[in-house]
Amino acid sequence: MLLFQDFHPLTAIATTPTAAQTLQPLCQTAGATLWLPESLHPSEQNNVPTVSFYQGSLKSHIASLWQNHRAFIFGLATGAVVRLIAPLLQDKSSDPAVIVVDETGQFVISLCSGHQGKADQLTRMIALQLGATPILTGGSTGLNLPAVDMVGIPFGWQRGEGDWTGVSAAVAKSERVEVIQEVGSRLWQNHLPSGHPFVFDADEETVDANSANPSSINARIWISFTQRRFSPDSDLPKVQWHPRVLWVGIGCERGTSRELIETAIIQTCQRYHLALGAIAGIATIDIKASEVGLVEFCQAHDFPLRTFPAEILRSVTVPTPSTVVNQAVGTPSVAEAAALVCSERFSASGTKVPTTNLLVQKQIVRADDQPGAVTVAIAVAQQEYTGRIGQLLLVGMGPGQLDQITPAAKTALSQADAVIGYSLYIDLISPILHPGQIIESLPITQERQRAQRAIELAQWGLTVAVVSSGDCGIYGMAGLVLEELKAQDWDGKTPRVQVFPGITALQAAASRVGAPLMHDFCAISLSNLLTPWDVIEKRLNAAAQADFVIALYNPRSRTRIEQLTIAHRILLQYRSPQTPVAIVRSAYREDEEITLSTLDKLLDIPIDMLTTVLIGNQSTRLHGDWMITPRGYTVNGLGSAE
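Residues numbered from 1 in each chain as written. Predicted model: local features only at pLDDT ≥ 70, side-chain atom pairs only at ≥ 80, totals over all residues. Heavy atoms only, no water.

Of regular secondary structure, the chain possesses 19 helices and 30 strands. Principal-axis analysis of the C-alpha atoms gives the chain an extent of 100 × 65 × 55 Å. For the chain, buried positions account for 51% of its 642 residues. Of all intrachain contacts in the chain linking residues separated by at least 6 positions in sequence, the fraction that spans at least 24 positions is 65%. Working note: accessible area of the chain is about 28800 Å², and carbon and sulfur atoms make up 50% of it. (Helix = DSSP H or I, 4+ residues; strand = E, 2+ residues; numbered from the N terminus. Buried < 20%, exposed > 50% of the residue type's maximum accessible area, 1.4 Å probe, protein only. Contact = heavy atoms within 4.5 Å. Areas by Shrake-Rupley, 256 points an atom, 1.4 Å probe, with all protein chains shown as cover.)

Below is the structure:
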């Protein structure tokens, strides 16, 4: 499953039949390998692709897997897991995520690398898959706050120097933590709970890294593209995040080595106190796209290499153009122009980036022991480069009760960086959401704006869940999001799209009144906001004449009243006045209302936009509090067995 791809390679280990039975379905869903001892090698499991068997000691087997796996799921006692992995643990920044699941799948424990290894996130996801209780013990979790060392991860920020443990401890103790954010997305600030300990928009006096008043500020977070040097004499714990906003323009002679390019960039950043972690990528002219040293440097540091033709570069105004360069490659600037072009493409739409965005004008670097020469220029963009492929998770949440949402849909909501939907739907799923997620709710009439916002965030690199009630592909957001993508010439691959089905309104309503959908049925929306009314009338006539069981969506709003009256008149032309109808409002929610009646009395019953109306066919009957349509279609309504 794509939802678990960030944790691959992912492995699970069980030593008893009960634990194996608990973990095997999870491994099939998550694409993980389940390791069992050779003693549990029954013949019926020989051909299960997700199950493998180990020989010898479990301790040795885990050690052989440790270095090349991102996450481990253990179906063992917690104490046993601690003893097994203790000799392998090195540092929380490099250790894999370790999760423990009890044998019966009732509890999922985040044991190791909860933040940086994302064990806390994986624990939530596994718990939702198993219907288990997640056990998270991090200090920030109880405060409903994002972890300090995870704040910038969705945006591709790089962790810099500092006392991460000290700052995290200050947050856990609800002490005041000053945040000085010079660049990068502020979305994380907009979704903090009330009473959070962060202090923003510091004045000039408190911006000095070493002048804090300990009685008012207990820790500090710098979010900048500069490299701060913290005084060892200060007791105030501080950390640095570096949003990737710096685009390094490079010009170089043919045959310039990777080592010289690396040296030139490091020296330039050091000279201007710029953080290497803030580098978004490398930019140059297209004729350098295959330059070996440049390609090797980008591959070694996982930097994107952006190249541009001379005609684009020569259209950019730069501070130090060169006639020599112009004669050689057709543009008076390579390094400065390429850096500015990239910074412009990661800035506000329609914004012409001024040359003042050029932090570093071109610097020419040579070395006596290296062939070639390198020209370096650095520009800053308004928006950071995330380095991630965005995803759109189109989620159907069913009627609204948490136990009516599929485990896959719950997992998608838990895994998302951002969740977008109508405010009512966001409220209903709030227990699934977790600290640090970006939650954006828009009014019920702004479906297209929701789709556009979700696409914008996904194209930037975030994983975005778009929530619909019922099934997202039935009168939901899935179609609208895909339409918007198509209109933007989407290639079908980036951002990635997954659709998670849900129990739709007609299914939820039907389940509350019996079995009205046991024969052919159809759904018709009476809203003419997107469909012309004459088309809706044709469908009503055709469905009524063909004797479908009919589910009416969006039957009546405060301003749209006449449509239901017209629909009622059309139905009575083809159906008996005694045809059973079910009027179900807010199925499975606290304010649920259910009315069983007949077609002739339909307009006497309160109906609104939260109501689904089910109209039986000629065989449908009411029996007590139940509405039944026979599986076999007969005129007398008795049905027939298949």
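Next comes the rest of the account.
Geometrically, a pair of aromatic rings is defined through the distance of the ring centres and the angle of the planes. Following the criterion strictly, the structure yields 15 aromatic pairs and no others. Ring plane angle 25° and centroid distance 5.6 Å describe the contact between Phe155 and Trp460, whose orientation is recorded as stacked. Residue Phe155 is found in the loop between strand E7 (133-135) and strand E8 (158-162), and its partner Trp460 is found in helix H15 (residues 447-460); the two are separated by 305 residues along the sequence. With a relative accessible area of 10%, Trp460 lands in the buried category. The interplanar angle of 85° and the centroid separation of 5.1 Å between the aromatic rings of Tyr422 and Tyr425 together place this pair among those described as edge-to-face. Overall, the relative accessible area of 19% leaves Tyr422 in the buried class. By relative accessible area, Tyr425 is classed as buried at 14%. (Phe/Tyr/Trp six-rings, centres within 6.5 Å; stacked < 30°, edge-to-face > 60°.)

Further remarks concern the packing of helix H8 (residues 258-271) against helix H9 (residues 292-301). Running from amino to carboxyl end, H8 crosses H9 at an angle of 60°, the nearest separation of the two axes being 8 Å. Judged by the sense of rotation from one axis to the other, the crossing of H8 with H9 is right-handed. Listed contacts from H9 to Arg258, Ile261, Glu262 and Ile265 of H8 are Gly293, Leu294, Glu296, Phe297, Ala300 and His301. A class-by-class count of the residues in the contact of H8 with H9 yields 5 nonpolar, 2 polar and 3 charged. (Axes fitted to C-alpha atoms, helices over the stretch in contact; angles between N-to-C directions. Left-handed = near helix turned anticlockwise from the far one by under 90°. Nonpolar A, V, L, I, M, F, W, Y, C, P; charged D, E, K, R; others polar.)

So, about unusual backbone geometry. In this chain, His8 is followed by Pro9 through a cis amide linkage whose omega measures 0°. Residue placement: Pro9 occurs in the segment before strand E1 (10-14). The linkage connecting Thr494 with the following residue, Pro495, adopts the cis geometry, with an omega of 0°. Here Pro495 lies in the loop between helix H16 (477-487) and strand E22 (496-500). Its identity is not glycine, yet Ser113 carries a phi of approximately 60°, on the positive side. Within the secondary structure, Ser113 is located in the loop between strand E6 (107-112) and helix H4 (119-130). Residue class for Ser113 comes out buried when judged on its relative accessible area of 9%. A positive phi angle is found at Lys118, which is not glycine, with a value near 65°. On the secondary structure map, Lys118 appears in the loop between E6 and H4.

With that out of the way, let us pick up the sheet that holds strand E25 (residues 549-553). Hydrogen bonding along the main chain pairs the strands of a sheet, whether they run parallel or antiparallel. Reading across the sheet, the 5 strands line up as E24-E25-E28-E26-E27 and stay open at both edges, with mixed pairing between neighbours. Lying at the two open borders of the sheet, with one neighbouring strand each, are strand E24 (521-525) and strand E27 (593-598). Within this sheet the neighbouring strands show an average axis-to-axis angle of 15°, counted without direction. Pairing of E24 with E25, which is carried by 5 bridges, proceeds in the parallel orientation. Residue Phe521 lies in a different strand from E25, and its bridge partner there is Val549. (Pairing = 2+ DSSP bridges.)

Here helix H19 (residues 562-574) has its buried residues at Gln563, Leu564, Ile566, Ala567, His568, Ile570 and Leu571. Against the buried residues of H19 lie helix H18 (533-545), E25 and strand E28 (611-615).

Let's shift gears to the state of the cysteines. In total, this model carries 0 disulfides according to the counting rule given. For the unlinked cysteine Cys269, the closest cysteine sulfur is that of Cys298, found at 13 Å. (Disulfide = S-S within 2.5 Å.)

Attention now goes to the sheet that holds strand E9 (residues 177-181). With respect to topology, 5 strands assemble into an open sheet ordered E8-E12-E11-E9-E10, the strand pairing being mixed. Single-partner strands in this sheet number two, and they are E8 and strand E10 (198-199). Note: E8 against strand E12 (residues 238-242), 3 bridges, orientation antiparallel. The partner of Arg159 across the bridge, within E12, is Trp241. Sheet contacts for helix H5 (residues 164-172): E8, E9, E10, strand E11 (219-223) and E12; angle to E12, the most-contacted strand, approximately 105°.

Attention now goes to the confidence of the model for the chain. Scored by pLDDT, the chain has a mean of 90; 93% of the residues are at 70 or more. Within the model, pLDDT remains below 50 along residues 203-212, and this stretch shows 19 contacts once partners closer than five positions in the same chain are excluded. This model gives residues 637-642 a pLDDT under 50, and the stretch forms 9 contacts once residues within four places in sequence are excluded. (pLDDT = per-residue confidence, 0-100.)

Take the environment of Glu262 next. The topology assignment puts Glu262 in helix H8. Beyond its immediate sequence surroundings of up to four residues, Glu262 is in contact with Phe297 and His301.

It is worth spelling out the pattern of salt bridges at this point. For the structure shown, the criterion picks out 15 salt bridges. The partner of Arg450 in a salt bridge is Glu447, and the shortest N-O contact between them spans 3.8 Å. Taken together, the residues span about one helical turn, with Arg450 and Glu447 both in helix H15 at a distance of 3 residues. On the basis of relative accessibility, which here comes to 29%, the residue Glu447 falls in the partly exposed class. Between Arg512 and Glu592 there is a salt bridge whose closest N-O contact spans 2.8 Å. Taken together, the positions of Arg512 in helix H17 (residues 505-513) and Glu592 in the loop between strand E26 (580-585) and E27 put the pair 80 residues apart, joining distant regions of the chain. (Salt bridge = Lys/Arg side-chain N within 4 Å of Asp/Glu carboxyl O.)

Secondary-structure assignment places Thr531 in the loop between E24 and H18. Apart from residues no more than four positions distant in its own chain, Thr531 is found in contact with Ile536 and Arg539.

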